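Take a look at the letters that make up each chain.
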Amino acid sequence: MPERYGKRLGRGPGLARAHERGDLVKVRCMHCNITRHYLPAELRQLAGDATCDEIRARMRCERCRLKEYLDVDFVLPTAAERVRIRLRRLVEVRMVRKIVWRDE
Ligand SMILES: [Zn+2]
């Protein structure tokens, strides 16, 4: 089993510490039963030095779009586990132009 520590320490360490340790960020949607693994350094570009709780609050499942069923952990897989894990990599960040109107 991968080592889990994100939840035990209450607020817990942030993505910077997870990156230093060589952890992966494991995000599981219990509704869809999908698990995705991310690199802490890539999530940090989007969320800063966020903890597991803060990541959970900001993410949505890409399939069901729900937040309520997400479980976020920092995990340190063994070398054998790491080989089998498929990483979800950051390709780009698109800035979307949003138009806001007001009636006067
Ligand atoms: Zn889902």
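Summarised in this report is the structure supplied together with it. (Residues numbered from 1 in each chain as written. Predicted model: local features only at pLDDT ≥ 70, side-chain atom pairs only at ≥ 80, totals over all residues. Heavy atoms only, no water.)

## What about helix 2 (residues 40-47)?
No. 1: When helix 2 is considered as a whole, its buried residues turn out to be Pro40, Glu42 and Leu43. Buried positions in helix 2, seen along its axis, are confined to an arc of 160° and lie on one side of it.
No. 2: Those residues of helix 2 hidden inside the fold are in contact with helix 1 (15-21), strand 2 (24-29) and strand 3 (34-38).
No. 3: Just downstream of helix 2, Gly48 is the residue with a positive phi angle, here 70°. (Buried < 20%, exposed > 50% of the residue type's maximum accessible area, 1.4 Å probe, protein only. Helix = DSSP H or I, 4+ residues; strand = E, 2+ residues; numbered from the N terminus. Arc of directions from axis to C-beta. Contact = heavy atoms within 4.5 Å.)

## Concerning the environment of Leu39
No. 1: As for its position among the elements, Leu39 is in the loop between strand 3 and helix 2.
No. 2: Placed 13 residues apart in sequence, Leu39 and Lys26 show a C-alpha to C-alpha distance of 9.1 Å.
No. 3: If we skip the residues at most four places from it in the chain, Leu39 touches Leu24, Leu87 and Arg89.

## Quick notes on the layout of surface pockets
No. 1: As a volume, the largest pocket reaches approximately 380 Å³.
No. 2: Residue lining of the largest pocket: 14 residues in total, with Tyr38, Leu43, Leu46, Met59 and Leu90 positioned closest to the centre.
No. 3: Among the elements that make up the lining of the largest pocket, the one with the highest residue count is helix 2 (four residues).
No. 4: Of the residues in the lining of the largest pocket, the class split is eight nonpolar, no polar and six charged. (1 Å grid on protein atoms, 1.4 Å probe; cavity = no way out; pocket = protein on both sides within 12 Å on 5 of 7 lines; lining within 4 Å. Points joined across faces, edges and corners; volume = space filled by probe spheres on them. Nonpolar A, V, L, I, M, F, W, Y, C, P; charged D, E, K, R; others polar.)

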